[in-house]
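The primary structure of each chain is shown beneath.
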Amino acid sequence: MKHLSNFSFLHTVRIMLSWKMMAMFFFGFSSGFPFYIVKDVLKLWMTESNIDLTTIGLFSALSLPYTLKFVWSPLMDGYVPCFLGRRRGWILIAQLGLMISIALIGQFDPSDSLFGIVFMALCINFFGASQDISLDAFRREYLTSDELGFGTGVWMNAWRLGMYVAIGLSLLTELNISWATIHILLSLMMGIGMLTTLFVSEPKIDEGPPVSIKEAVVEPFVEFFKRNSAMLVLLFILLYKIGDNMAGAMTIPFILKMGFSKTEYFVIVKGIGMFGLFGGVILGGAVMIRLGIARSLWVFGVLQALSTAFFAILIVMDHNSLIWLDYRQIILGCVVGFEFFSTGLGQAAYATYMAIQTNKRFTATQYALLTSLMAVPGVFAASVTGFMAKYLGWDLFYLLCAGFAVPGMLLLFKIAPWNASNEALEKGF
């Protein structure tokens, strides 16, 4: 038993320090970086250029390609470019499109070429979503089921690093560097992903790609819904993080309504919270190597629900505890840190589970569909959280959000029993 334990530990370390994880880091960065160029950097530029706020708000609609990426994902499953292979070929095409689009958008003047900026922003998001389709499929096919959890954790943190780098480069305007030059610098950052694409090997799968439009468009859906537990898997994807997402939608109003300042919010949520999230994602991936995906879904799901319920305890302390008055910042920091940490754990297991539910012949199409579906409950559920908090009170609101974790957890009995191996989950129940 001691030998097996040592072997398991060494196996975990080998996975964490492998070259594959370095590739996941660079690809994760390459995925997150362009997303924030339109989401945040463009809005900074528009604001500095005195563009009307209503126009700036409409730029949020330009993220639509990320929501609809499943529409053209069958093309990336069914057609193999004549260079680099099915996954790397499409990744490089998307990266080249991103590099050119990011460089070009900065050459327009917002005051008289707004249509050109809108068009180029759509191009950036289209190529960014296309890159994500191929990168997600690559990650699924490149990593083994044992490597997938930690690789996903590395990917998620590198994705967020892309956000900080994109926004950080935009602050060079403080040094009187023009937006045209900044966008050239931003475009050159795509070279990191392009070099990674050229140096990694193409994933090898047993089955060939779809050979007809019918196979590429119809078969991914037919194959998925033929499975015995297909509807349960979809229901689980809709429900597993719904309570956590609902609670997260009210974090800012809750903290400010509790009497904390905007500065305290920034330090606690953007500081402690983000470190907790990064740590949760990485630790979650590492734990999955040892525990397996099924057990991780159980453990992390319980922690997610507990971390949400802890916010209700803060309400009780606010009304009844002298300790709260003396240590309110520390207590809130601990609760927020735990909540973000648990969210990171859950995200790592959730994304890994979705990945292994795809058939490697149709990875791009099925994963794009599942990730698009994943966003649906969060949008609709978050829209009613304000009404819930107002009419139920904060304590009952957070307890109810914690309770929403129960249906998703119950589905685990059927789709991911405690002792199920990664291989069994991959084959389906």
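Scroll up for the structure.
These lines cover the structure that appears in this document, whether it is placed above or below. (Residues numbered from 1 in each chain as written. Predicted model: local features only at pLDDT ≥ 70, side-chain atom pairs only at ≥ 80, totals over all residues. Heavy atoms only, no water.)

A few words now on the overall build of the protein. Scanning the protein from N- to C-terminus turns up 23 helices and zero strands. Along the first, second and third principal axes, the C-alpha set of the protein runs to 70 × 65 × 40 Å. Within the protein, the proportion of its 429 residues that are buried is 52%. For the protein, the share of sequence-separated contacts (at least 6 apart) that also reach a separation of at least 24 residues comes to 83%. Roughly 19600 Å² of accessible area belongs to the protein as shown, and the carbon and sulfur atoms make up 72% of that amount. (Helix = DSSP H or I, 4+ residues; strand = E, 2+ residues; numbered from the N terminus. Buried < 20%, exposed > 50% of the residue type's maximum accessible area, 1.4 Å probe, protein only. Contact = heavy atoms within 4.5 Å. Areas by Shrake-Rupley, 256 points an atom, 1.4 Å probe, with all protein chains shown as cover.)

Moving on, we come to the environment of valine 154. Inspection of the secondary structure puts valine 154 in helix H8 (residues 145-170). For valine 154 and phenylalanine 278, which are 124 residues apart along the polypeptide, the C-alpha to C-alpha distance reads 9.1 Å. Among all residues touching valine 154, those that are not within four sequence positions of it are Met21, Met24, Phe25 and Ile282.

The subject of this paragraph is the nonpolar core. Counting 50 residues, the largest nonpolar core has Met24, Phe27, Phe236, Leu297, Tyr353 and Leu425 as the members making the most contacts within it. Element by element, the count of residues in this core is highest for helix H18 (residues 322-356), at nine residues. Contact partners of methionine 24, with chain neighbours within four places excluded, come to Phe138, Arg139, Tyr142, Leu143, Gly151, Val154 and Trp155. Membership of the second largest hydrophobic core comes to 37 residues, among which are Val41, Ala121, Cys123 and Ala166. (Core = buried A, V, L, I, M, F, W, Y, C linked by side-chain atoms within 4.5 Å.)

What follows concerns helix H2 (residues 19-48). Counted at 1.5 Å a residue, the expected span for H2 with its 30 residues is 44 Å, and the 42 Å between its end C-alpha atoms agrees. The largest bend along H2 measures about 45° and falls at isoleucine 37. Within two residues after H2, asparagine 50 carries a phi angle of roughly 60°, on the positive side. (Expected span 1.5 Å × (residues − 1). Bend = angle between axes of the 7 residues up to and from the residue.)

Looking now at the side chain of serine 307. One can find serine 307 in helix H17 (residues 293-320). We classify serine 307 as buried; its relative accessible area is 0%. Once residues lying within four places of it in the same chain are set aside, the contact partners of serine 307 are Phe338, Glu339 and Ser342.

Here we take up the packing of helix H6 (residues 86-105) against helix H9 (residues 179-188). Running from N to C, H6 and H9 cross one another at 170°; their axes reach a closest spacing of 7 Å. Considering the angle they form, H6 stands roughly antiparallel to H9. Counted together, Met99, Ile102, Ala103 and Ile105 of H6 and His183, Ile184, Leu186, Ser187 and Leu188 of H9 form the full contact between these two elements. When grouped by side-chain class, the residues that make up the contact of H6 with H9 number seven nonpolar, two polar and no charged. (Axes fitted to C-alpha atoms, helices over the stretch in contact; angles between N-to-C directions. Parallel < 35°, antiparallel > 145°, perpendicular 65-115°, else oblique. Nonpolar A, V, L, I, M, F, W, Y, C, P; charged D, E, K, R; others polar.)

Let's shift gears to the pattern of salt bridges. Enumeration according to the criterion identifies nine salt bridges in this entry. Residue lysine 20 pairs with glutamate 147 through a salt bridge whose shortest N-O separation is 3.1 Å. You can see lysine 20 sitting in helix H2 and its partner glutamate 147 sitting in helix H8, a full 127 residues away along the chain. For arginine 227, the salt bridge identified is with glutamate 223, shortest N-O distance 2.9 Å. Residue classification places arginine 227 among the partly exposed residues on the basis of a relative accessible area of 22%. Overall, glutamate 223 belongs to the partly exposed group, its relative accessible area being 21%. Several salt bridges converge on common partners, so that one network encompasses Asp77, Arg86, Arg87 and Glu141. (Salt bridge = Lys/Arg side-chain N within 4 Å of Asp/Glu carboxyl O.)

Attention now goes to helix H13 (residues 230-239). Buried within H13 we find Ala230, Val233, Leu234, Phe236 and Ile237. Buried positions in H13, seen along its axis, are confined to an arc of 160° and lie on one side of it. (Arc of directions from axis to C-beta.)

Under the counting rule described, the total for this entry stands at 26 aromatic pairs. Aromatic pair tryptophan 298 and phenylalanine 413: ring centres 4.9 Å apart, planes at 80°, arrangement edge-to-face. Note that tryptophan 298 is positioned in helix H17 and phenylalanine 413 in helix H22 (residues 405-415), a separation of 115 residues in sequence. Judged by relative accessible area, tryptophan 298 falls into the buried class, the value being 15%. On the basis of relative accessibility, which here comes to 58%, the residue phenylalanine 413 falls in the exposed class. Judged by centre distance (4.9 Å) and plane angle (70°), the ring pair of phenylalanine 397 and tyrosine 398 falls under edge-to-face. Neither phenylalanine 397 nor tyrosine 398 differs from the other in exposure class; each is buried. In this structure, lysine 20 packs its charged tip against the face of tyrosine 142, placed 5.2 Å from the ring centre. (Phe/Tyr/Trp six-rings, centres within 6.5 Å; stacked < 30°, edge-to-face > 60°. Lys NZ or Arg CZ within 6 Å of the ring centre and 35° of its normal.)

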